[in-house]
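Architecture at a glance
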Amino acid sequence: MPMTSSFPARATASEVVAGHDLSDKTALITGGASGIGVETARALLQAGASVILAVRDVQKGQEVAAELSATTGNPRVSVVALDLGSLASVRTAAAEVLAVTPRLHLLINNAGTMATPFGQTADGFETQFGTNHLGHFLLTTLLMPALLAAAPARVVSLSSIGHRRSDVKLDDLDFHQEPYEKWNAYGRSKTANALFAVGLTQRYGAQGVTANAVHPGGIMTNLQRFLPREEQIAMGWMDEHGTLNPGFKTPEQGAATSVWAAVAPELEGVGGLYLEDVREALPFDAAAPFGGYMPYALDPEKADALWDLSERLVAGR
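Model, not experiment: these values are computed from the prediction. (Residues numbered from 1 in each chain as written. Predicted model: local features only at pLDDT ≥ 70, side-chain atom pairs only at ≥ 80, totals over all residues. Heavy atoms only, no water.)

Side note on the packing of aromatic side chains
Short version of the rule: Any two rings among Phe, Tyr and Trp, with Trp reduced to its six-membered ring, count as a pair given centres within 6.5 Å; such a pair is stacked if its planes are under 30 degrees apart, edge-to-face if over 60, and tilted if neither. Helix numbering and strand numbering both begin at the N terminus, where a helix is a DSSP run of H or I of at least 4 residues and a strand a DSSP run of E of at least 2. Any residue under 20% of the maximum accessible area for its type is buried, any over 50% is exposed, and the rest in between are partly exposed; the area is computed with a 1.4 Å probe on protein chains only.
Summed over the entire model, instances satisfying the criterion amount to eight aromatic pairs. Between W183 and Y186, the ring centres sit 6.0 Å apart and the planes meet at 85 degrees, which makes this aromatic pair edge-to-face. You can see W183 and its partner Y186 sitting in helix α6 (residues 182-204), three residues apart, about one turn around the helix. Residue W183 is classed as buried on the basis of its relative accessible area of 8%. Plain terms: the ring middles of Y274 and Y293 are 5.8 Å apart, the flat faces sit at 45 degrees to each other, and that makes the pair tilted. Taken together, the residues Y274 in strand β7 (residues 274-276) and Y293 in the loop between β8 (279-280) and α10 (300-315) connect sequence positions 19 residues apart.

Comments concerning the nonpolar core
The cut-off we apply is this: Take the buried Ala, Val, Leu, Ile, Met, Phe, Trp, Tyr and Cys residues and link them wherever side-chain atoms come within 4.5 Å; each set so joined is a nonpolar core. We call two residues contacting when some pair of their heavy atoms lies within 4.5 Å.
Counting 50 residues, the largest nonpolar core has L28 and L200 as the members making the most contacts within it. Those elements giving two or more residues to this core turn out to be β2 (50-55), α4 (87-100), α5 (127-150), β5 (153-158), α6, β6 (209-215) and α10. Examining the composition of this core, we find that nine residues originate from one element, α5, more than from any other. What L200 contacts, discounting residues up to four positions off in sequence, is T140, M144, V155, G205, V209, T210, A211 and W307. Counting residues in each nonpolar core, the second largest holds 40 residues, with L68, V156, V259 and A264 among its members.

Some words on unusual backbone geometry
Leave glycine aside and you will find that most residues have negative phi; peptide bonds, for their part, are mostly trans. With omega at 5 degrees, the peptide bond leading from A151 into P152 counts as cis. Within the secondary structure, P152 sits in the loop between α5 and β5. Located in the positive-phi region is F175, a residue other than glycine, with phi close to 60 degrees. You can see F175 is positioned in the loop between β5 and α6. The phi dihedral of D277 falls on the positive side, at around 55 degrees, and the residue is not glycine. Examined against the element boundaries, D277 turns out to sit in the loop between β7 and β8.

A look at the packing of α5 against α6
Pairs of packed helices are described in terms of their axes, by the angle between the two and the distance that separates them. The following threshold applies: Between N-to-C directions, angles span 0 to 180 degrees; the directions come from axes that are lines fitted to C-alpha atoms, helices contributing only their stretch in contact. The labels follow the angle: roughly parallel below 35 degrees, roughly antiparallel above 145, roughly perpendicular from 65 to 115, and oblique for the rest. Handedness of a helix crossing follows the sense of rotation of the near helix relative to the far helix, less than a right angle counterclockwise being left-handed and clockwise being right-handed. Gly falls in the polar group here, along with every residue not listed as nonpolar (Ala, Val, Leu, Ile, Met, Phe, Trp, Tyr, Cys, Pro) or charged (Asp, Glu, Lys, Arg).
In contact at an axis separation of 8 Å, α5 and α6 are set at 20 degrees when each is read in the N-to-C sense. Here α5 is positioned roughly parallel relative to α6, judged by the angle of their axes. Handedness of the crossing formed by α5 with α6: right-handed. Here Q128, F129, N132, H133, F137, T140, M144 and L148 of α5 lie close against α6, whose contacting residues are K182, A185, Y186, S189, K190, A192, N193, F196, L200 and Y204. For the contact of α5 with α6, the class distribution of residues is 10 nonpolar, six polar and two charged.

Keep in mind these values describe shape, not function.
Spelled out as structure tokens, the structure:
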């Protein structure tokens with residue numbers, strides 16, 4: 001039976017974390033200075049956790065940290081510089097975290113980019129795959145000593161309904177064989193995020209570190225910065241007056257499934273799942289088109305192959 005919770009699909013992160021005491025936990029959230037990252041951090045701080053915001057813009061991160069500390073009454077929030085599009089930056093950030101955080105109980109791989117024009121990361125990878133998957137892959141593997149030291153520990157890998165656009169093409173990660181298409185590229189990276197949760201659990205679950213993939217829902221955040229208003233209207237995300245499609249969630253609601261993945265006792269020791277609406281998702285069914293996952297996103301053999309390839313790619317840069 002799929003894993004369920006007592007929370008409705010539009011529960012907020014604060015509602016999900018209520019009653020939890022995380023005062024002995026340390027969490028790191030990538031992209032913690034904007035969108036659902038802020039609300040994920042807020043909820044964990046409300047429960048007493050120590051939270052590290054890993055951000056590209058350190059000044060903005062410090063401003064957000066100050067606001068979160070003031071509004072939650074929890075001063076245990078810090079900032080580390082992280083550019084997921086640079087493996088050198090990832091290595092520097094991981095070293096800084098390990099130097100002060102010997103035990104990391106929660107890693108929320110929340111940051112991401114979407115539907116970008118064709119480009120490459122500092123290391124020559126297609127932007128969306130390199131940022132959304134490879135940057136997080138390297139960060140997580142470098143932080144694994146702290147996660148293992150804190151076991152049981154959890155990793156939350158933010159995927160998206162966009163994974164249904166495309167499976168990962170392991171033989172053409174950088175679009176050398178076919179023309180670049182921004183949504184296919186996004187889909188590949190989001191499928192990779194889901195497969196990463198499967199691969200991590202396969203490798204480290206027996207040692208107490210598990211990972212689950214999360215689709216947060218449709219939320220209007222900085223993630224849409226590369227999409228012209230006209231395209232968002234054409235896709236039905238908003239009308240010509242800027243009124244959002246009622247299917248969209250607020251950032252507080254969008255963070256709820258990430259927080260559930262991080263704290264739910266029923267998920268202790270459980271990994272390799274795809275979660276949405278504060279419960280385990282079902283396989284895609286055309287009769288319910290706004291939810292569900294494609295089986296290729298949780299394929300254990302594909303997850304293993306992607307892991308091995310990712311190790312080789314980041315080692316070579």
